Amino acid sequence: MDINITKDDFDLTEELEIFNKNSSDHGAVSIFIGKVRPENGLQSMQIDCYPEMAQKEIKNMAEIACSKWTLNNIRVLHRYGSLKPNDNIVLVITGSSHRSDSMSANQFIMDFLKSSAPFWKKEIYPDKEIWVEQKESDLRKLYQWENF
Amino acid sequence: MNLKYFAWIAEIIDKREESLEIPSGIETIGQLIDYLSSIDEAYKKAFEKRKSIKFAVNQVLVNENELISKADEVAFFPPMTGG
């Protein structure tokens, strides 16, 4: 299990190499990449973060994922700082013997990151700056998971 | 006590982190918010929307009734919007 909170961008090929080096006996690998949506007029997205807490919280959630599904490995990378439209924000890689485990765990971790990991997005437009508000729909997605 | 602020709370207070001597008698997060709001307008403004603020003690999410001590790191932030 690897959790990386960083300002730096990532290269998917390199990330997959590291992922496979740590555990290569997967029958299934699920990859999710979240990017900055190029909304109309969006100049940049500022992501604030509490790195020490994020590291702990994501590790806890990855451990819960490991208890819910049979997983061989998890790699989570979440960026913070100033990002441009189409930049990568987050990468979640999950590996398992069978696809249902890696796919479900990947979605579970993303649902957690959207509304329970200590990151905050601010959208920067030419004439205004808006702190993104938490969406009720994101919270509902998280709470629909059994035993969460 | 080490205090940390994030997102729009940090912008209103105009600080991301500070170390403050907290008077004795302040034992919970709720009491700490009341105290900070009483000493400076910026804190008062930041904590106006109290119901939309979350708290962590030593990087663990807690509620307003959580007991705190001088050695703790207390963080204030809005609901999270990661991913």
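Along each chain, the written sequence defines residue order, and numbers are assigned to residues from 1. Each chain gets a letter, beginning with A, and each ligand a number, beginning with 1, in the order they are written. Under the rules for a predicted model, residues below a pLDDT of 70 receive no local features and side-chain atom pairs below 80 are neither given nor counted, while totals for whole chains, interfaces and linings still include all residues. Hydrogens are left out, water is left out, and the side-chain values use all remaining heavy atoms of the structure.

Asker: Is there a simple way to think about the overall build of chain A in this case?
Answerer: Tallying secondary structure elements over chain A gives four helices and eight strands in all. Numbering of helices and strands runs from the N terminus; a helix is a DSSP stretch of H or I covering at least four residues, while a strand is a stretch of E covering at least two. When the helices and strands of chain A are placed in sequence order, the string is β-α-β-β-α-β-β-β-α-β-β-α. With the radius of gyration taken over C-alpha atoms, the globule rule is written as 2.2 Å times the number of residues to the power 0.38. Computed over the C-alpha atoms, the radius of gyration of chain A is 16 Å, within 12% of the 15 Å expected from 2.2 N^0.38 for a compact globule of 148 residues. Along the first, second and third principal axes, the C-alpha atoms of chain A reach 50 × 35 × 30 Å. Going through the 148 residues of chain A one by one, you find that 49% of them count as buried. Under the scheme applied here, a residue whose accessible area is under 20% of the maximum for its type counts as buried, over 50% as exposed, and between as partly exposed, the area being computed with a 1.4 Å probe on protein chains only.

Asker: What exactly am I supposed to notice about the sheet that holds strand 1 (residues 2-6) of chain A here?
Answerer: All names here are of chain A. Pairing is mixed across the open sheet formed by four strands, whose spatial order is 1-4-6-2. Where the open sheet ends on each side, the last strands, each with one partner, are strand 1 and strand 2 (28-35). Averaged over all pairs of adjacent strands, the angle between strand axes in this sheet comes to 5 degrees, irrespective of strand direction. Bridge count between strand 4 (residues 73-79) and strand 6 (residues 88-96): six bridges; the pairing is antiparallel. Looking at strand 6, one finds that Asn-73 is bridged to Gly-95. When DSSP finds at least two bridges between two strands, those strands are taken to pair. The axes are straight lines fitted to the C-alpha atoms, using for helices just the contacting stretch, and the angles between their N-to-C directions are given from 0 to 180°.

Asker: Which parts of the structure should I look at to understand the pattern of salt bridges?
Answerer: Side chains that differ in sign of charge can pair as their charged atoms come close. Salt-bridge detection follows one rule: a side-chain nitrogen of Lys or Arg within 4 Å of a carboxyl oxygen of Asp or Glu. Inspection of every chain in the model, using the stated rule, returns 13 salt bridges over all chains. Arg-37 of chain A serves as the salt-bridge partner of Glu-39 of chain A, at 3.0 Å between the closest nitrogen and oxygen. A relative accessible area of 56% means that Arg-37 of chain A is categorised as exposed. Residue Arg-16 of chain B is joined to Asp-48 of chain A by a salt bridge in which the shortest nitrogen-to-oxygen separation is 2.6 Å. With one member in each of two chains, Arg-16 of chain B in the loop between helix 1 (7-13) and strand 2 (17-19) and Asp-48 of chain A in strand 3 (residues 44-49) form a pair that bridges those chains. Overall, Arg-16 of chain B belongs to the partly exposed group, its relative accessible area being 44%. On the accessibility criterion, Asp-48 of chain A (9% relative accessible area) is buried. Linked through salt bridges whose partners overlap, the residues forming this network are Asp-2, Glu-15 and Arg-75 of chain A.

Asker: Whenever I open this one, the environment of Lys-56 of chain A confuses me. Can you help?
Answerer: Among the secondary structure elements, Lys-56 of chain A is positioned in helix 2 (residues 51-68). C-alpha separation for the pair Lys-56 of chain A and Tyr-80 of chain A, spaced 24 residues apart in sequence, amounts to 16 Å. Contact definition: two residues touch when any of their heavy atoms are within 4.5 Å. Apart from residues lying up to four places away in sequence, Lys-56 of chain A is in contact with Asn-58 and Gln-59 of chain B. In this structure the side chain of Lys-56 of chain A is engaged in a polar contact, spanning 2.8 Å, whose partner is the side chain of Gln-59 of chain B. Within 3.5 Å is the distance limit for a polar contact, defined as a pair of N or O atoms, with the added protein rule that one can donate a hydrogen and the other accept it, and that residues adjacent in sequence qualify only through two side-chain atoms.

Asker: Would you mind showing me how to read the nonpolar core here?
Answerer: Ile-58, Ala-65, Val-76, Ile-109, Leu-113 and Phe-119 of chain A are the most contacted members of the largest nonpolar core, which has 31 residues in total. Residue assignment for this core shows that the elements contributing at least two residues are strand 1, strand 3, helix 2, strand 4, strand 6 and helix 3 (99-116) of chain A. Considering every element that reaches this core, the biggest residue donor is helix 3 of chain A, with six residues. Look past the residues within four positions of Ile-109 of chain A in its chain and what remains in contact with it is Ala-65, Ile-74, Val-76, Val-92 and Thr-94 of chain A. Side-chain atoms within 4.5 Å link the members of a nonpolar core, which is a set of buried Ala, Val, Leu, Ile, Met, Phe, Trp, Tyr and Cys residues. The next biggest cluster of nonpolar side chains, apart from the first, holds 22 residues, and it includes Leu-3, Tyr-5, Ile-33 and Phe-55 of chain B.

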